[in-house]
Amino acid sequence: MSALRELSTMRRESGRGGPGRRRRGRSAAEKGDNRAAVFFLAPWFIGLFVITAGPLVASLYLSFTDYNLLQDPNWIGWENYVRMFADERLLNSLGVTFTYVLISVPLQLAAALLLAIVLDRGLRGLAIYRSVFYLPSLLGGSVAIAILWRQVFGTNGLVNQFLALLGIEGQGWVSHPDYALGTLMILNVWTFGAPMVIFLAGLRQIPETYYEAAAIDGASRARRFRSITLPLLTPIIFFNLVLQLIGAFQSFTQAFVVSGGTGGPADSTLFYTLYLYQRGFGAFDMGYASAMAWLLLVIIGGMTAVNFFASKFWVFYGD
Amino acid sequence: MLWRTRLRSIVRHALLIAFGLVMLYPLLWMVSSSMKPNDIIFRDPSLLPAEWDLSNYTVGWNALAHPFTHYLANSAVVVVGAVLGNLISCSMAAYAFARLNFTGRRLWFAIMLMSIMLPIHVVIVPQYVLFSELDWINTFLPLIVPKFLATDAFFIFLMVQFFRGIPKELDEAARLDGCGHIRIYARIMMPLSLPALATTAIFTFIWTWNDFFGQLIFLTSPDMYTVPVALRTFVDSTGSSNWGALFAMSIVSLIPVFVVFLFGQKYLVKGIATTGIK
């Protein structure tokens, strides 16, 4: 179903020797395919080597240099990496990013799952509700919405206007170090529509007969949810979790616009990628930014690996 | 019995509508505030302005170095280039992965899948160096050329999935009639894949229109600014003094996405459901 699923089944299959392997020798037709494949894959190959893999290797090299765009890079060994662990702004940005990811992603997925379940079976107007809840996902990453957020949670913003109606005096949420990150988390939860659509598609895959059989056996609604819906949905939950974690860890635009590019107040919204941008494209400390980029890759890779490992204990593949 | 189910359904709809309103309230309020005088934006949380005032739009349109039309046109160039690039390059790669038997196919396919998950930040510094060597900084080329090289591998995967669903008998029959791969690709696969192409075009449109990171890095002068970058300088230059105009231009920037959403919903929902993209 998904790219992730495909990758993991490929791994399982190749472990078994794989059905895709051909035993007989290559025929003339297949040689012809090789020529055609070079033609059809040419753009992708060039892109892979020049735009993706080449830069990937180059940034690993640059991470061991003091490159600053003006002078040729000098090899400085592990210095950038050592510097990172003494860099308080960097450590702080890791804390900010992890806090943001670990709180907002589970909340976002919970909202997505809840709404998907409410919308699931035989509800009239499903298409309209789905559109309404999905729309914020499409707009949420834009500068325009970040601008809106800055106002809504500002000192004279919409939230405080409503609080004033209730007689409560609010404050500048985006300008307070204790609350600014929270407003960005709310923004992320607000975009629960995309995972919700994925959950809806997953719910539709569950055969109606399972529920009918359970109903005949006298299973309650709650029981049916716990014993049928939830286990059969775990692969989708897992898939959404991995994707949203990877995505949230790279959040940039909202923090950049809401804080005016600083990550403030008091670095409380200094996402890791925002700090990377400041080092690389503000200070042109490109060697250091490259080291930061590789740490990011290691963290995201590690997080995904941990997820895959943990999935053995809770994800249920019926097949 | 019947009235109880009916009551339950009414309650459910009422809750959903209330929740939907809360979700959309900030958006609707931004639309209405873009038509309110500035001093009222800070006092009036309601959706209906006491007096309608479109001057925010004319003020905002001309508040920056160029009229807003200029930034819209720049964004349009980048988006059209990106959409064309993705349609051509990703469908070609997908044809190879779905239909051709070539050496190392499984390995390349796995590499393609993994490249989907690679964070842009890991390659952005060398890319910047590369593009500045080529003198491409402050042009649209860094934003468009990679799309013609199938770097958005998501769409390769999406189209591979779709091509697999097209019966192989069709191209086998064409082969027997002496058709080459290029003709099978152009005359059989492409026409049959319009839904997948539409999904690709729609997502590329929305992602590129909204993209900020790449445009912020590669576009450095106001002449070349696209809508997101222009909006951002607008925030910096006005601070919080002219929310009305800022909101007005934000609304303008969201309209294309909204229109695509209205007309392309079917493809969006399908695309997300089959590949899990946002």
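Residues numbered from 1 in each chain as written. Chains lettered and ligands numbered in written order. Predicted model: local features only at pLDDT ≥ 70, side-chain atom pairs only at ≥ 80, totals over all residues. Heavy atoms only, no water.

K.L.:
Explain the overall build of chain B to me, and be specific about the residues and the numbers.
P.N.:
A count of helices and strands for chain B gives 14 helices and 0 strands. Taken from the N to the C terminus, the helices and strands of chain B come in the order α-α-α-α-α-α-α-α-α-α-α-α-α-α. Taken over the C-alpha trace, chain B has a radius of gyration of 24 Å; the compact-globule value for 278 residues is 19 Å, which it surpasses by more than 25%. Within the span of chain B, comprising 278 residues, buried residues form 56% of the whole. The long-range share in chain B, meaning contacts at least 24 apart out of those at least 6 apart in sequence, stands at 72%. For chain B, the exposed surface amounts to about 12,100 Å²; the carbon and sulfur share of it is 68%. (Helix = DSSP H or I, 4+ residues; strand = E, 2+ residues; numbered from the N terminus. Rg over C-alpha atoms; globule rule 2.2 N^0.38 Å. Buried < 20%, exposed > 50% of the residue type's maximum accessible area, 1.4 Å probe, protein only. Contact = heavy atoms within 4.5 Å. Areas by Shrake-Rupley, 256 points an atom, 1.4 Å probe, with all protein chains shown as cover.)

K.L.:
Could you give me a rundown of the interface of chain A and chain B, with the residues and numbers involved?
P.N.:
The interface of chain A with chain B comprises 99 residues on the first partner and 95 residues on the second. Around 8,700 Å² of area is buried between chain A and chain B when both sides are counted, 77% of it from carbon and sulfur atoms. If you sort the residues of chain A by the area they bury against chain B, F40, W44 and I51 of chain A come out on top, with a joint share of 9%. Put simply, chain A and chain B have 0 salt bridges between them. In this assembly, chain A and chain B are joined by 10 residue pairs in polar contact (both at pLDDT 80 or more). Of the residues forming the side of chain A that touches chain B, the biggest block, 23 residues, is contributed by helix α2 (residues 28-62) of chain A. Of the residues that constitute the side of chain A that touches chain B, the class distribution is 68 nonpolar, 20 polar and 11 charged. (Buried area = accessible area lost by both parts, 1.4 Å probe. Salt bridge = Lys/Arg side-chain N within 4 Å of Asp/Glu carboxyl O. Polar contact = N/O pair within 3.5 Å; in protein donor to acceptor, adjacent residues only side chain to side chain. Nonpolar A, V, L, I, M, F, W, Y, C, P; charged D, E, K, R; others polar.)

K.L.:
Tell me about the nonpolar core, residues and numbers included.
P.N.:
Inside soluble globular proteins, nonpolar side chains tend to come together where they are buried. If you look at the biggest cluster of nonpolar residues, it comprises 198 residues, and the most contacted ones within it are M196 of chain A together with M112 and I156 of chain B. No other element matches helix α14 (residues 243-275) of chain B, which puts 15 residues into this core. When sequence neighbours within four positions are dropped, the list of residues in contact with I156 of chain B reads W44 of chain A together with C90, A93, A94, F97, M112 and A150 of chain B. (Core = buried A, V, L, I, M, F, W, Y, C linked by side-chain atoms within 4.5 Å.)

K.L.:
Lay out the side chain of Q108 of chain A with the relevant residues and their values.
P.N.:
Relative to the helices and strands, Q108 of chain A is located in helix α4 (residues 88-119). For Q108 of chain A, the side chain forms a polar contact with the main-chain oxygen of T191 of chain A, separated by 3.2 Å.

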